[in-house]
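# Notes for the structure review
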Amino acid sequence: MLRRLGVLDWIRIGLLILGLVFVATGLLPWEAAVESLSEIGPLLVFLVAIIVVAELTKEAQVFDAIAARMAVLGRGNYAALFLLCTAFASLVTIFLNLDTTAVLLTPVMLALAPRARIAALPLAMTTIWLANTASLLLPVSNLTNLLGMTKIGLTTQEFAARMWAPQLAAIAVTMAFLWVFFWRRGERRDLRYVPPVLEPVADRVLFATAAAGCLLFIVLLLLGAHVAVAAVAAAVIVVAAFLVRARERLRWSLIPWQLIIFVTGLFLVVPTLSGNGLSALMTWLIGTDDDPLRIAAVGAGLANLINNLPAYKAVEIVIPAVQQDHLLALLAGTNVGPVITPWASLATLLWFESCRRHDVTVPMPRFLLTGAGLAVVGTAATVWALVAFG
C-alpha cells in the first residue's frame, strides 16, 4: 500500500502528523483542537457521503449518458456544445461540489472527446475552470463555503440570495475566457464535430436510482435540510441499490480518505499558526480600509500560493463575524481566484492527475497565463457584483 501512495498523499499525511505534533507539544491546546475538529465533523460526513454518491452515480453511467446526449443535442455545432458543456459543468459544481466536477466529470468529458472527435483540452479546461468559479452559489458547492457558514450566519437560501449575482458574474467571465482562449474556431481549428452514437446504459435500475439519489440531495438542500443529512440520505439510497444489483462495485476506495486526512490536518495546523503570528500577518495584508476587493485579492493570492482551504481559514480568523460582506468577498477570492497554479485548489490537483491518466497534455505557460487573466478579471467582476447587488 505504501508504494501506491503518491506525493500528494504523503503531503496530506505529513500535514496531519504535523497537526498532531502541535497538539502533543501543546502548541495547540487540547481544548482548541477539540473545538476545531468538532467544527468539521458534519463537513467530513458530507464530504464522504457526497463523494460516494458521485462515484456511484458515475458507475451507473449517469454522467456518461448526459455528456453523450449533450454532444448529440449540439448536432455538430461547437457553439451549442460549448453552452451545453458550460451549463453541465456549472450545475454539477453548484449542486454536487467542485471536487465532483474535477474528479468525476473530467474523465467523462475526456472520454467523450475521441468519440465525437473533439479536441480534449477545451473540454478539460471547461471542467476545471468552472469547478472553481461556479462554486459560489450554494454552501455545498465548495468546502470553503461550508467552512464559512457558521461565522457568516446565513441559511442556504439566504446565502444563495446573496451570491446569485456574484455567481453569474463569475460564470460569465469564465465562459468568455473559455471561448476566446480554447473554444473559438482559431483555437480548435475544426468547423464542426461528429455527434457520437448513443449507447444503452448497462443497468437501468442503477441508472434510475443514482439519478433519483442526486435529485433527492438537491431537493433536500432546497428544503433547508443540513448538508450532511441530505448527502447521507442520498448515499443510503444509492448504496442500497448497488448492494442489490452490483455489490462488487462497492469498494473501500470509494471513501475519500485523502480528503479526510487533509481537512483534519488543516484544522489542526492553521489554528496553531494563527495563534503564533499568522493572524497578525493576515491583518496587515487585508488592511483596515474595509476594501472587499483587497480582501478578495489577498484570498486569491494566498490560494495560489498555499491552496485555497488554508488560505480561507487563515484570513477568516481575522475578519469579525459582523463583517459579513468581507467574509463573502473572501469567499469570492478563494473560490474564483485559485485558477493560476496547479496546487491552488484540491480540485485542480485532482484534475491534473486525471489529465495525466488520460494522456491529455496541458501546456503549462498557457495554463498559468490564461488562469492569471481569469483570476484577476473574474475576482474583480465577482466582487463588483457582490457589492452592487448586496
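Each remark here, short or long, concerns the structure printed above.
In this report, we go over the structure that sits alongside the text. Computed from a prediction, not measured in an experiment: that's the story for all the values here. (Residues numbered from 1 in each chain as written. Predicted model: local features only at pLDDT ≥ 70, side-chain atom pairs only at ≥ 80, totals over all residues. Heavy atoms only, no water.)

### A word on the layout of surface pockets
Any empty space left between atoms is shown by rolling a water-sized probe over those atoms. Here the second largest pocket defines a volume of roughly 400 Å³. If you trace the second largest pocket, you find 19 residues lining it, with Leu 15, Phe 262, Ile 306, Asn 307 and Pro 310 closest to the centre. Looking at the lining of the second largest pocket, the elements with two or more residues in it are helix H1 (7-24), helix H12 (257-286), helix H13 (292-306), helix H14 (308-316) and helix H16 (346-357). For the lining of the second largest pocket, the element with the most residues is H12, which contributes seven residues. The residue makeup of the lining of the second largest pocket, split by class, is 17 nonpolar, one polar and one charged. (1 Å grid on protein atoms, 1.4 Å probe; cavity = no way out; pocket = protein on both sides within 12 Å on 5 of 7 lines; lining within 4 Å. Points joined across faces, edges and corners; volume = space filled by probe spheres on them. Helix = DSSP H or I, 4+ residues; strand = E, 2+ residues; numbered from the N terminus. Nonpolar A, V, L, I, M, F, W, Y, C, P; charged D, E, K, R; others polar.)

### Some words on unusual backbone geometry
Notably, Gln 61 is not glycine yet its phi reads approximately 70 degrees, a positive angle. Mapped onto the fold, Gln 61 is located in the loop between helix H2 (30-59) and helix H3 (62-74). With a phi angle near 90 degrees, Asn 97 is a residue other than glycine that sits in the positive phi range. With respect to the element layout, Asn 97 can be found in the loop between helix H4 (78-96) and helix H5 (98-116).

### Notes on empty space enclosed by the protein
For the structure shown, the criterion picks out two cavities of 30 Å³ or more. Its boundaries defined by the atoms lining it, the largest cavity holds a volume of some 80 Å³. Taken together, Leu 47, Leu 98, Asp 99, Asn 142, Leu 143, Leu 259, Asn 308, Leu 309, Ser 345, Leu 346 and Ala 347 form the lining of the largest cavity. When residues of the lining of the largest cavity are traced back to their parent elements, those giving at least two are H5, H14 and H16. By volume, the second largest cavity amounts to about 40 Å³. Around the second largest cavity, the lining residues are Glu 59, Ala 60, Gln 61, Ala 202, Asp 203, Leu 206, Phe 207 and Arg 249.

### Description of a nonpolar patch on the surface
On the surface, Trp 164, Leu 168, Trp 384 and Phe 389 cluster together into a nonpolar patch covering about 500 Å² of accessible area. As for its position among the elements, Trp 164 is in helix H8 (residues 156-183). (Patch = residues over 30% accessible without salt bridge, like charges linked within 9 Å, V, L, I, M, F, W, Y side chains within 5 Å. Areas by Shrake-Rupley, 256 points an atom, 1.4 Å probe, with all protein chains shown as cover. Salt bridge = Lys/Arg side-chain N within 4 Å of Asp/Glu carboxyl O.)

### With respect to the pattern of salt bridges
Considering all chains together, one arrives at five salt bridges under this definition. Across the salt bridge formed by Arg 249 and Glu 59, the nearest N and O atoms sit 3.7 Å from each other. With Arg 249 in the loop between helix H11 (227-245) and H12 and Glu 59 in helix H2, the pair connects residues that are 190 residues apart, well separated along the chain. Accessibility expressed as a relative area gives 27% for Arg 249, which makes it partly exposed. Relative accessible area serves as the criterion here: at 27%, Glu 59 is assigned to the partly exposed category. (Buried < 20%, exposed > 50% of the residue type's maximum accessible area, 1.4 Å probe, protein only.)

### Section: H2
Here H2 spans 42 Å end to end across 30 residues, near enough to the 44 Å set by a 1.5 Å rise per residue. When the local axis directions of H2 are compared, the greatest deviation, roughly 35 degrees, occurs at Gly 41, which is followed within four positions by the proline Pro 42. Remark: Gln 61 follows H2 within two positions and exhibits a positive phi of approximately 70 degrees. (Expected span 1.5 Å × (residues − 1). Bend = angle between axes of the 7 residues up to and from the residue.)

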